[in-house]
Amino acid sequence: MAETMLKLEGIHKRFGELEVLRGVDLEVAKGEVVCVLGPSGSGKSTLLRCINLLEPPERGEIFLEGKDICKGPNSGTGESSWELDFVRQRVGIVFQQFNLFPHKTVLDNVTMAPEEVLGRPREEARAKATALLKRVGLADKLEQYPERLSGGQQQRVAIARALAMDPRAMLFDEVTSALDPELVKEVLDVMRELAGEGMTMIVVTHEIGFAHEVADRVVFMDQGVIVEQGSPAEVLDNPREERTRRFLGLVLDR
Amino acid sequence: MSEVIHQFFDVGFMGEHFDEVLEGFWLTIQLFFVAAVLSLAWGLILALLRQLPGRGFLPVRFLTIAYIDVFRAIPLLILILLIATGIPSLDFLPESLRIPEWFGKPDPFWYGTLALTITYGAYMAEVYRAGIEAVPQGQMEAARSLGMNHRKAMRHVIVPQAIGKVFALMKDTTLVSVIALNEVVLVGQDIQSETFNSSALTLGGLMFLVLILPMARLTDRLIARNQGRIARGAHIEVA
């Protein structure tokens, strides 16, 4: 197996009484595309948000490129031991609701973090952003404000914005769930291309077809644990677990 | 009837005292602008202090909230009187602070500025807070996930959108109503208590009418023009 990019050990997370993650172990190799499936409330989005420490796990450890970025707060180390800068400059995330900055143009959405966080000169940041936006098919939208764009276009800007930080890995949190059906493909195409270029990706999705085609590995989660995982053919075509079968039955029947 | 007209609308009387009232009116306008700029800035500082994250800033947040609550509760008039009578008596302060006459303005001007800034800063902090809270949570998350720290995320993402929302919230009312407070009323009262004629007060009121009616219309037009951009949470261009 290739070099490990990301390794999760015994991740626990609760919101008040609700235990959302109950001991998740996951190892992701460099260049691997992992699709995470599961019913809503299974903890898959929370898992992504734990990885980049938007929701730090309570227990468990996360290693990024071998570096321990977060021992859970309950392991006795404080917030100061979290490697926020390290993880966020290496792992990009794209959200279901896009979350573009509405007061900035498309171009400025993409250049803001490279300029403000990495200190890149304006011209360099603009050149890179322009190239990225061209790559996601939005070369003609640079000076538009996000509200003028369709959902699919906004989501592609969000992908370009995350890529502008030169991430080693990308997290996708149900990025097509808020889109009209006819706009889903243009976003999936960008992700497909990204996967083809060898980007390490963890994709939380309901797009079974996409998972089948693009994923190196499919992970099925339910009630805060990983129920089963394997190649798309194993998990999607011949699931071993009853819960996986039931879920796939529900999703595919629709 | 003629008594009423004499008491409130004595044109000759108005003419006699026009210069005095106009001077008070002009001073009020200046006071308003200085205090408005200062309370906008002070309110933003308070709102940002209130938003500081983490356990370490708990005392700062607590003190800020206490300040905002206390000075919204104390009536402005009492605060003005406290300042105007209290500060000159603080002997340990140098004279230039006790009886400030900066930029050729009399000391009541600066006591008024201080009182207005203290009070309206507290109010503005709440308005900014409403603006900040109106910015969706996802904006902060997006900024943080791109590696920005809290300060940068506030500065580049949250505050610009919050200010757009604040302008939309305030519309034309809050700032304009601040004007109708001070000097001109006081000048009018002085003249009335000396002469028992209210026409000077009426004159002051008319001056405000002349100023504020066009301002209100102008504000409406600016708001209409910027509506689209405000909806996006963008900066307002007051030009």
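In this text the structure is predicted, and so the values were computed from the model without any measurement.

(A) Here's a closer look at the layout of surface pockets. Estimated volume of the largest pocket: approximately 800 Å³. Considering the residues around the largest pocket, the lining is formed by 26 residues, among which P53, G54, M140, R144 and H150 of chain B are closest to the centre. Breaking the lining of the largest pocket down by element, the ones donating at least two residues are α2 (84-88) of chain A together with α7 (107-134), α8 (137-145) and α9 (150-170) of chain B. No other element matches α8 of chain B, which puts four residues into the lining of the largest pocket. When grouped by side-chain class, the residues that make up the lining of the largest pocket number 14 nonpolar, five polar and seven charged.

(B) Quick peek at α7 of chain B. Look at α7 of chain B: 40 Å from first C-alpha to last across 28 residues, which is about the 40 Å you get at 1.5 Å a residue. Bending of α7 of chain B peaks at approximately 25 degrees at the position of G121 of chain B.

(C) Structural view of the side chain of Q139 of chain B. For Q139 of chain B, the location among the structural elements is in helix α8. Aside from chain neighbours lying at most four places away, what touches Q139 of chain B is N99, L100, F101 and P102 of chain A together with V157, I158 and Q161 of chain B.

(D) View of the pairing of strand β8 (residues 200-204) of chain A. Residue and element names in this part refer to chain A. Of all five residues in β8, five are buried; the element is thus mostly enclosed. Along β8, one buried face is formed by T200, I202 and V204 and the opposite face, lined by M201 and V203, is buried too. Where strand β3 (residues 33-37) meets β8, four bridges bridge the pair, whose relative direction is parallel. Pairing of V34 across the sheet is with I202, part of β8.

(E) Looking closely at the interface of chain B and chain A. With 19 residues of chain B in contact, the opposing surface of chain A contributes 24 residues. At the boundary of chain B with chain A, total buried surface from both sides reaches about 1900 Å², with 59% on carbon and sulfur atoms. Our enumeration of links across chain B and chain A arrives at one salt bridge. Measuring nitrogen to oxygen at the nearest pair gives 2.5 Å for the salt bridge that ties R49 of chain A to E141 of chain B. Applying the counting criterion to the chain B and chain A interface returns six residue pairs in polar contact (both at pLDDT 80 or more). Among the elements of the structure, α8 and α9 of chain B are those that each provide at least two residues to the side of chain B that touches chain A. Here the side of chain B that touches chain A is built from residues that sort into seven nonpolar, seven polar and five charged.

So, how was this worked out
Residues numbered from 1 in each chain as written. Chains lettered and ligands numbered in written order. Predicted model: local features only at pLDDT ≥ 70, side-chain atom pairs only at ≥ 80, totals over all residues. Heavy atoms only, no water. 1 Å grid on protein atoms, 1.4 Å probe; cavity = no way out; pocket = protein on both sides within 12 Å on 5 of 7 lines; lining within 4 Å. Points joined across faces, edges and corners; volume = space filled by probe spheres on them. Helix = DSSP H or I, 4+ residues; strand = E, 2+ residues; numbered from the N terminus. Nonpolar A, V, L, I, M, F, W, Y, C, P; charged D, E, K, R; others polar. Expected span 1.5 Å × (residues − 1). Bend = angle between axes of the 7 residues up to and from the residue. Contact = heavy atoms within 4.5 Å. Buried < 20%, exposed > 50% of the residue type's maximum accessible area, 1.4 Å probe, protein only. Pairing = 2+ DSSP bridges. Buried area = accessible area lost by both parts, 1.4 Å probe. Salt bridge = Lys/Arg side-chain N within 4 Å of Asp/Glu carboxyl O. Polar contact = N/O pair within 3.5 Å; in protein donor to acceptor, adjacent residues only side chain to side chain.

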